[in-house]
Amino acid sequence: MTKVDTLLKSLLTGVSLAALLASPVLADDTENPKDIIITATRAPTPVIKSGVSVDVLDAETIRNKQSLSVVDLIATTPSATISQNGGLGTVATLRVRGAEGDHTLYILDGIRLADPTQIGGGLNAGLLTTGDISRIEVVRGPLSTLWGSRALGATVNLTTVQATDSLSGDVSVEGGDAYGAIRAGIGGTYDKLSWRVFAAYLGDDNVSAYKYGSETDKFTQNHLRVTLDYKISDAHSLKFRAAKTRSHNDYDGFAPPTYAFGDTKDYGNTNEGLYSLGYQYKGETVTHAVSVSRTDTERHDYDGTNFETLNGEGKVTTFDYTGTAKLSDATRFVFGATHEKAEIDYSSFGGPVLSRDATLDSAFVQISHDFTEAFNVTGSVRYDDHSRFGGQTIGHLSASFRASDNLVLRGSVGQGFKAPSLYQLYSEYGNTNLKAEKADSAEIGLDYFLPAQNARLSLTAFARKTENQIDFASCFGSTHPLCPTRPFGFYDNIAQTKAEGVELEYVGDLTASTHLRANYSHVTSKNDLTGAKLPRRPRDLANIDVTQDITPAITLSLGLRYAGKTTESAFSTRQLESYTLADLRGSWTINERVTVFGRVENLIDEDYETAADYGTPGRRLWVGVRANFF
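Definitions and limits used
- Residues numbered from 1 in each chain as written.
- Predicted model: local features only at pLDDT ≥ 70, side-chain atom pairs only at ≥ 80, totals over all residues.
- Heavy atoms only, no water.
- Helix = DSSP H or I, 4+ residues; strand = E, 2+ residues; numbered from the N terminus.
- Rg over C-alpha atoms; globule rule 2.2 N^0.38 Å.
- Buried < 20%, exposed > 50% of the residue type's maximum accessible area, 1.4 Å probe, protein only.
- Contact = heavy atoms within 4.5 Å.
- Areas by Shrake-Rupley, 256 points an atom, 1.4 Å probe, with all protein chains shown as cover.
- Lys, Arg positive; Asp, Glu negative; His and termini not counted.
- Charge placed at Lys NZ, Arg CZ, Asp CG, Glu CD.
- Pairing = 2+ DSSP bridges.
- Core = buried A, V, L, I, M, F, W, Y, C linked by side-chain atoms within 4.5 Å.
- Polar contact = N/O pair within 3.5 Å; in protein donor to acceptor, adjacent residues only side chain to side chain.
- Phe/Tyr/Trp six-rings, centres within 6.5 Å; stacked < 30°, edge-to-face > 60°.
- Lys NZ or Arg CZ within 6 Å of the ring centre and 35° of its normal.
- Axes fitted to C-alpha atoms, helices over the stretch in contact; angles between N-to-C directions.
- Salt bridge = Lys/Arg side-chain N within 4 Å of Asp/Glu carboxyl O.

Asks: Could you give me a rundown of the overall build of the protein, with the residues and numbers involved?
Replies: Across its full length, the protein holds six helices and 35 strands. Taking 630 residues into account, the globule formula puts the C-alpha radius of gyration at 25 Å, and the protein, at 24 Å, falls close to it. Projected onto the principal axes, the alpha-carbon positions of the protein cover approximately 75 × 65 × 45 Å. Within the protein, buried positions represent 54% of all 630 residues. Considering only contacts in the protein between residues 6 or more positions apart, those separated by 24 or more positions represent 60%. For the protein, the accessible area works out to roughly 27400 Å², and carbon and sulfur atoms hold 57% of it. When the 60 basic and 76 acidic side-chain charges of the protein are each reduced to a single mean position, those positions are 3 Å apart.

Written out as structure tokens, the structure reads:
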């Protein structure tokens, strides 16, 4: 019996007994789509005035979907697709609107997430689990004028649970044969202080990273998070965040003598830390927020003989200031400045240690003006100064027009950028002459609200052109000046890509007891120099998620996800076939404290790939119990 099995059985038994202690009480915390306020825009902004394409997954939606993976949740929103090297916790790349994975910026409670040990300096999105997350905002299109590097294709804004009661606690246990998760949190408020402590354990030993492998590759993750908020007065407050995550992955690789992909005993350990301290002032017409944050990542990979193939440590320290000013009922300013320092110590296969750092200093300003009660325009500009490639200025302009009580027309044009990573600049394949990747984007759309169905129907068309895109340049047969010192190749600004598409989405009720989230996206993305399709980007994507309230206490949901066929890589003609995934989910709220839930993932046991020859989960049954205390 595995550790996961033992914990699941004991905790499920104990928590289930609590079901007898209270009477049924249900709450509906679904947000009215017309009244949604988003915060990814640096200041709370009504979605109908934002002028951008955004999807919000609130606490109820996250609970209903029952997913343990953040990228799996995001993949149910328009124009989002995943490539993953195996099951839960393996390396995953999320691409939105055909952009690169490193062109999506992840923000957690206002802190930019980054890992300098990754080749592109972004994030291994496969390690992002839902944990204590209570809200996800997915903004499609650039937000670089507000958030800087990597907010080129999309911005994912994650918010964790905040304590609101004097004392509250929650625990959930779920799993199946060789996989499971245990999550627990406790928090409260006392006088001017609010606090919360959250811990989680995840384990999955049910999928082989190599699709045709005979052994499974284990993933485990332990997570601990502490949040403190102290209200000095009505106007002044302090915030503290600290989190540690330890992950272990077994994975398959390319063993000698053939170096063909197959079953190996390779494994890796990743330790991540996040720390933040902030101060906020809220006046009647102005606000100021200052914070210092740091993210640490330590990665160690080993082959089947326990020889260390990778030793990487990355740190990002950020000083951030954001201010807002309400000049009048019609005019609002958002402004700020950021200093970011990234550091890396990196070596592979026992080679020399790469020890480098870079800084990025930025300032931005945004003004939003209501010309009428129905017409709003927002413009922003940002200047960045990188310690290596120098300075640059980008801008963004959006507008929204409320044509009627229930119809909003919107549009935007803007720029995004991504700074070259420390690895791309200074590794054995590095190029210190790299410039920032830059993209010009535009979109137009409409949102039609149906009050009777508490629903939103949206249609959006978009286009993006990315220049100076960083790609690997081979030195085979090349006379490039860098080739004598980079005989195997180097990173260079040699790529140029285009993407365009349309998105259709419905979010809301069909009847008083039937709820629907559905979207269809048609996205074409290509190499603008060769005309070739970009790999691992299906042209057609669709999602349908229907929830039926069988009784006030019992719900049943069916989720369908379709991804069309796509090419595997730019160097291969191999196709990844289209696939359809079905998930069946149910929950029973026994009383105000206890809910029993379960799901069947991949209901039809679809055999599919998101990356060639990498395994994916088959049909799996999960059962669980969630309980609230105090």
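More follows now that the structure is in view.
Asks: Describe unusual backbone geometry, and please don't skip the residues or the numbers.
Replies: Omega for the peptide link from Pro256 to Pro257 comes to 10°, which places this bond in the cis form. Among the secondary structure elements, Pro257 is positioned in the loop between strand S15 (253–255) and strand S16 (260–262). The backbone of Asp109 shows a phi angle near 50°, a positive value even though the residue is not glycine. Despite not being glycine, Phe349 shows a phi value in the positive range, around 55°. Turning to its location among the elements, Phe349 is positioned in the loop between strand S20 (331–348) and strand S21 (354–370).

Asks: Give a description of the pairing of strand S13 (residues 219–231) that names residues and reports values.
Replies: As defined by bridge partners, strand S12 (residues 193–204) adjoins S13 across twelve bridges and the pair is classed as antiparallel. Looking at S13, one finds that Leu202 is bridged to Gln221. In this structure, S13 lies alongside strand S14 (residues 236–250), joined through 13 bridges in antiparallel fashion. Directly across from Val226, in S14, lies its bridge partner Ala242. The turn linking S13 back onto S14 is made up of four residues.

Asks: Account for the nonpolar core, naming residues and giving values.
Replies: By size, the foremost hydrophobic cluster in this structure holds 26 residues, and its most contacted members are Val71, Ile74, Leu94, Tyr106, Ile136 and Leu158. Elements represented by at least two residues in this core include exactly helix H4 (70–74), strand S4 (80–84), strand S5 (92–96), strand S6 (104–108), strand S7 (111–113), strand S8 (133–140) and strand S9 (154–160). The biggest single contributor to this core is H4, with four residues. Those residues within four positions of Tyr106 in sequence are excluded, and the remaining contacts are Val71, Ile74, Leu94, Ile111, Arg112, Leu113, Leu123, Ala125, Leu128 and Val156. Formed by 20 residues, the second largest nonpolar core is a distinct cluster that contains Val47, Val56, Phe364 and Phe449.

Asks: Account for the side chain of Arg382, with residues named and values stated.
Replies: Within the secondary structure, Arg382 is located in strand S22 (residues 375–386). With relative accessibility at 3%, the residue Arg382 sits in the buried group. Polar contacts involving the side chain of Arg382 include one to the side chain of Ser362, which spans 3.3 Å. Those residues in contact with Arg382 that lie beyond four places of it in its chain are Ser144, Thr145, Leu146, Trp147, Gly148, Thr338, Ser362, Ala363, Phe364, Gln392, Thr393 and Ile394.

Asks: Residue-level account of the packing of aromatic side chains, with values.
Replies: In this structure the tally under the stated criterion is 14 aromatic pairs. Ring plane angle 75° and centroid distance 5.7 Å describe the contact between Tyr210 and Tyr212, whose orientation is recorded as edge-to-face. Judged by relative accessible area, Tyr210 falls into the buried class, the value being 18%. Between the aromatic rings of Phe472 and Tyr491, the centroid separation amounts to 5.4 Å while the plane-to-plane angle is 80°, which identifies the pairing as edge-to-face. You can see Phe472 sitting in strand S26 (residues 455–473) and its partner Tyr491 sitting in strand S27 (residues 490–509), a full 19 residues away along the chain. An aromatic cluster is built from Tyr210, Tyr212, Phe254, Phe261 and Tyr614, whose rings are joined through pairwise contacts. Above the face of the Trp147 ring, Arg42 is positioned so that its terminal group lies 3.9 Å from the ring centre.

Asks: Describe the sheet that holds S7, listing the residues and the values that go with them.
Replies: A sheet is described by the order of its strands in space; here five strands give the open sequence S3-S8-S9-S6-S7, paired in mixed fashion. On the outer flanks of this sheet lie strand S3 (53–57) and S7, each paired with one strand and no other. Pairs of neighbouring strands in the sheet enclose a mean axial angle of 20°, with direction left out of account. Where S3 and S8 come together, five bridges link them in antiparallel fashion. Following the sheet pairing, Leu57 is matched in S8 by Ile136.

Asks: Outline the pattern of salt bridges, supporting the account with residue identities and numerical values.
Replies: Counted by the stated rule, this structure contains 38 salt bridges. A salt bridge links Lys211 to Asp607; its shortest N-O distance comes to 3.3 Å. Taken together, the residues Lys211 in the loop between S12 and S13 and Asp607 in the loop between strand S34 (594–601) and strand S35 (620–629) connect sequence positions 396 residues apart. Among the charged side chains, a network of salt bridges with common partners joins Asp55, Arg97, Arg140, Arg410, Glu443, Asp447, Arg456, Glu503, Glu505 and Arg517.

Asks: Outline the pairing of S9, listing residues and values.
Replies: Counted residue by residue, S9 has six buried out of seven residues, so it is predominantly covered. One ladder, built from seven bridges, connects S8 with S9; its direction is antiparallel. Across the sheet, residue Arg135 finds its bridge partner in S9, namely Thr159.

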